[in-house]
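For reference, the chains in residue letters:
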Amino acid sequence: MSPTQVIASTAARRKVVGIIADGVVKVLLAAGFILGATRLGTLLGVPTWLMVSSGLALLIAGGTEIRYVHSRPASTYTRLMVTYDIGWALAALAGLLMARQGSSGGGEVWIGYQTVAPLAFATLLTAATPVPATPDAGTRESEH
């Protein structure tokens with residue numbers, strides 16, 4: 001393997017690890033939302049059912065992200081993760097601004113985003129064009 005191939009291989013592995021880590025964070029957040037739905041819902045001013053729904057949506061997105069890590073292009077993941085995170089930051093900012101204004105809807109905006117956006121993320125990732133199979137990725141054509 002040439003030095004260029006080693007560098008490319010290392011970079012590809014880092015991307016895979018990053019994608020899996022992002023999915024794991026969503027799954028862990030989902031567990032926290034579901035297990036702490038009543039308490040977190042009270043703190044954020046949202047109903048328990050919305051916390052559980054958000055947790056389930058995050059679980060679906062995280063699982064989908066991990067499932068397709070080797071069959072979807074890293075560029076697709078990158079675009080989706082950046083868009084998701086920008087939306088998350090904007091929803092958090094909007095929620096904070098609403099809370100500072102005395103509105104009780106800030107938690108609903110933030111958790112609402114975390115209910116809808118993960119489902120959109122999972123849907124777009126599932127619909128994305130798969131990475132073409134390579135002969136080295138599994139069984140080789142010449143072996144059949």
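From a predicted model like this one, the values you see are computed outputs, not experimental measurements.

**Q** In this structure, what is going on with the nonpolar core? I would like to understand it.
**A** Generally speaking, soluble globular proteins have nonpolar side chains that are buried together. Grouped together as the largest cluster of nonpolar side chains are 23 residues, with contacts concentrated most on M51, Y77, Y84, I111, F121 and L125. For this core, the elements supplying multiple residues, two or more each, are helix 1 (3–35), helix 3 (48–67), helix 4 (74–100) and helix 5 (106–127). Discounting chain neighbours no more than four positions away, the residues touching F121 are K26, A61, E65, L80, M81 and Y84.

**Q** Sorry if this is basic, but what is going on with the packing of helix 4 against helix 5 here?
**A** A pair of packed helices is characterised by two quantities: the angle between their axes and the separation of those axes. Packing of helix 4 against helix 5 leaves a shortest axis separation of 8 Å and a crossing angle of 170°. Taken together, helix 4 and helix 5 sit at an angle that is classed as roughly antiparallel.

**Q** Help me out: how do you make sense of the pattern of salt bridges in this one?
**A** Two side chains of opposite charge can pair, provided their charged atoms sit close to one another. In the structure shown here, the tally under the stated rule is 2 salt bridges. For E65, the salt bridge is made with K26, and the minimal N-O distance between the two is 3.1 Å. Of this pair, E65 sits in helix 3 while K26 sits in helix 1, and the two are 39 residues apart along the sequence. Given a relative accessible area of 0%, E65 falls into the buried group. In this structure K26 comes out as buried when scored by relative accessible area, which is 5%.

**Q** Where do I start with the packing of aromatic side chains in this structure?
**A** Given two aromatic rings, their pairing is described by the distance between the two centres and the angle made by the two planes. Using the criterion set out here, one finds 4 aromatic pairs in the structure. Where W88 meets W110, the ring centres are 5.9 Å apart and the plane angle is 65°; that geometry is what we call edge-to-face. Placement of W88 in helix 4 and of W110 in helix 5 is noted, with a sequence separation of 22 residues between them. By way of ring pairs, the aromatic residues F33, W88 and W110 are connected into one cluster.

The rules behind these values
- Residues numbered from 1 in each chain as written.
- Predicted model: local features only at pLDDT ≥ 70, side-chain atom pairs only at ≥ 80, totals over all residues.
- Heavy atoms only, no water.
- Core = buried A, V, L, I, M, F, W, Y, C linked by side-chain atoms within 4.5 Å.
- Buried < 20%, exposed > 50% of the residue type's maximum accessible area, 1.4 Å probe, protein only.
- Helix = DSSP H or I, 4+ residues; strand = E, 2+ residues; numbered from the N terminus.
- Contact = heavy atoms within 4.5 Å.
- Axes fitted to C-alpha atoms, helices over the stretch in contact; angles between N-to-C directions.
- Parallel < 35°, antiparallel > 145°, perpendicular 65-115°, else oblique.
- Salt bridge = Lys/Arg side-chain N within 4 Å of Asp/Glu carboxyl O.
- Phe/Tyr/Trp six-rings, centres within 6.5 Å; stacked < 30°, edge-to-face > 60°.

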